[in-house]
Amino acid sequence: MERKIVRQLKAWKISSRRNPLIISGARQVGKTYSALTFGKEFYKNTVYFNLEDSMATKAIFERDLNPERIVRELSALSGQSIFPGDTLIIFDEIQSCERALTSLKYFCENAPEYHIIAAGSLLGVAMNREAYSFPVGKVDMITLYPLDFEEFLMASGNTALLGLIRDAYSEFSEMSLHDTALDLYKTYLVVGGMPKAVLEYVNTKDFNFVLAAQKNINDAYIADMAKYATPQETTKIMAAWASIPAQLSKENRKFQYKVIKSGARAYEYETPLDWLRFAGIIYKCVRVSEGKMPLTAYADNDSFKVYMMDTGLLCSKFGIAANVVRNSPPSFDGFKGALAENYICQCLAANGFSPFYWSSPGKAELDFVFQDSQGNIIPLEGKSADNVRSKSLRQYTSLYTPEYAVRVSAKNFGHENGIKSIPLYALFCLTP
């Protein structure tokens, strides 16, 4: 499967300011696959070390952090020569070895000729829990997310349709195959972007196989909770994780601790939620009280919404059948909006935005606000269908007169009263 991260990796390889690179992201989003594929295509050879599984590799970093000695011993352990500039060295699960993480500082300072990519599924969790010496300023960092809709179209052989969507967005003209693209968007909601689930869909077109892959991924996350947290913490993390579908099913999707457990309090579950966020498997969207710069100055950290990082995992966790999402019967109307919101949040995050939501002292509430590359604060309203009337967006624009506003819905491309209408399937085109 073609991943867009390769473009970033190519730029990293040729950069005169290249540092050791850390690829972070949730487990099973394709970090190792992307690094290995990149090494195979763009380097003379690749040497791979999994620091979670190999005690011998960890032992190499115990003596000292001299890059030349480390390289010699890595070469001997792997049975391969390591050539400066021509060999890609991959350290997988680097959060399992603090000294390996610290060594990246010395590679940056004393041996920049070696090309190193480190990957960490639970790096954020480890950094938050342990006294790690992180090589600040000495590493480059990229976060890998599940496949977005653009990558899904490439993986499923719909590159021609992808070209039409890009053309329609660049010209902001109606897309001729609008309904076809919407149908594939609905399929993507069910399959999601986890590589194993996408591969099952591409190979079989059988949603039962897709569901089995998704359940295995959810089980792996639960296993991580048990492995990297105390039994008491694990119980709370799992309870918070299990509550997310119910949180999203409420009309007001603001996170409520009482949904986890009757009588639950914030202080009990703040750390479990942080664990899920640091592991990369949820997004936390915080409320802002004003649509002004900088948004963080107006953030109310006690009011937030939580979204899952992947709609496919959300559907499998909620037990939503593929035909329900794809056919959208009236009985599904109540949750259809929540699923679209989750999709929009994960699109914004993958595209490099930091999404917030806005609400007024009254009842007005806007799904998302974010800052673009020009510093503009942009409001975004999400709709799962083509009914796009909204008092909240009108109220926001009258209060703050933004440079432009965005409405993401099932409608085709268009402009209306200063609002850019973007179809749900084209949201990947919206970049900083």
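Here goes a summary of the coordinates provided. (Residues numbered from 1 in each chain as written. Predicted model: local features only at pLDDT ≥ 70, side-chain atom pairs only at ≥ 80, totals over all residues. Heavy atoms only, no water.)

## What to know about the overall build of the protein
Across its full length, the protein carries 18 helices and 13 strands. For 432 residues, the compact-globule estimate of 2.2 N^0.38 gives 22 Å, and the protein sits close to it at 23 Å. Taking the principal axes of the C-alpha coordinates as reference, the protein spans close to 65 × 55 × 45 Å. Taking all 432 residues of the protein together, the buried fraction comes to 55%. Counting only contacts in the protein whose residues sit at least 6 apart along the sequence, the fraction spanning at least 24 positions is 69%. As displayed, the protein has an accessible area near 18900 Å², and 49% of this comes from carbon and sulfur atoms. Each charge sign in the protein was given a centre, from 48 positive and 46 negative side chains, and these centres are 3 Å apart. (Helix = DSSP H or I, 4+ residues; strand = E, 2+ residues; numbered from the N terminus. Rg over C-alpha atoms; globule rule 2.2 N^0.38 Å. Buried < 20%, exposed > 50% of the residue type's maximum accessible area, 1.4 Å probe, protein only. Contact = heavy atoms within 4.5 Å. Areas by Shrake-Rupley, 256 points an atom, 1.4 Å probe, with all protein chains shown as cover. Lys, Arg positive; Asp, Glu negative; His and termini not counted. Charge placed at Lys NZ, Arg CZ, Asp CG, Glu CD.)

## A word on the sheet that holds strand 7 (residues 299–308)
The sheet built from 8 strands is open, its strands ordered 7-6-8-9-10-11-13-12 with mixed pairing. Of all the strands in the sheet, the pair left with one neighbour each is strand 7 and strand 12 (414–416). Sheet twist, expressed as the mean angle between neighbouring strand axes with direction ignored, is 35 degrees. In this structure, strand 10 (residues 377–382) lies alongside strand 11 (residues 405–409), joined through 3 bridges in parallel fashion. Within strand 11, the residue paired with Gly382 across the bridge is Val408. (Pairing = 2+ DSSP bridges. Axes fitted to C-alpha atoms, helices over the stretch in contact; angles between N-to-C directions.)

## Remarks on the nonpolar core
Proteins that are soluble and globular tend to have nonpolar side chains buried together. One finds Phe149, Ile165, Tyr221, Leu276, Tyr343 and Tyr425 to be the most contacted residues of the largest nonpolar core, which totals 120 residues. With 10 residues, helix 17 (residues 333–350) is the largest single contributor of residues to this core. The residues contacting Tyr221, other than those within four sequence positions of it, are Ala26, Arg27, Met194, Trp241, Ile281, Met309 and Leu313. Formed by 25 residues, the second largest nonpolar core is a distinct cluster that contains Leu51, Phe107, Ala111 and Leu123. (Core = buried A, V, L, I, M, F, W, Y, C linked by side-chain atoms within 4.5 Å.)

## Structural notes on unusual backbone geometry
With omega at -15 degrees, the peptide bond leading from Met293 into Pro294 counts as cis. Within the fold, Pro294 resides in the loop between strand 6 (282–288) and strand 7. The residue Phe172 is not glycine, and still its phi comes out positive at about 50 degrees. Checked against the element boundaries, Phe172 lands in the loop between helix 8 (159–171) and helix 9 (178–191). You will see that Lys205, though not glycine, has its phi angle at about 55 degrees, which is positive. By the element assignment, Lys205 lies in the loop between helix 10 (195–204) and helix 11 (207–228). The class for Lys205 is partly exposed, based on a relative accessible area of 48%.

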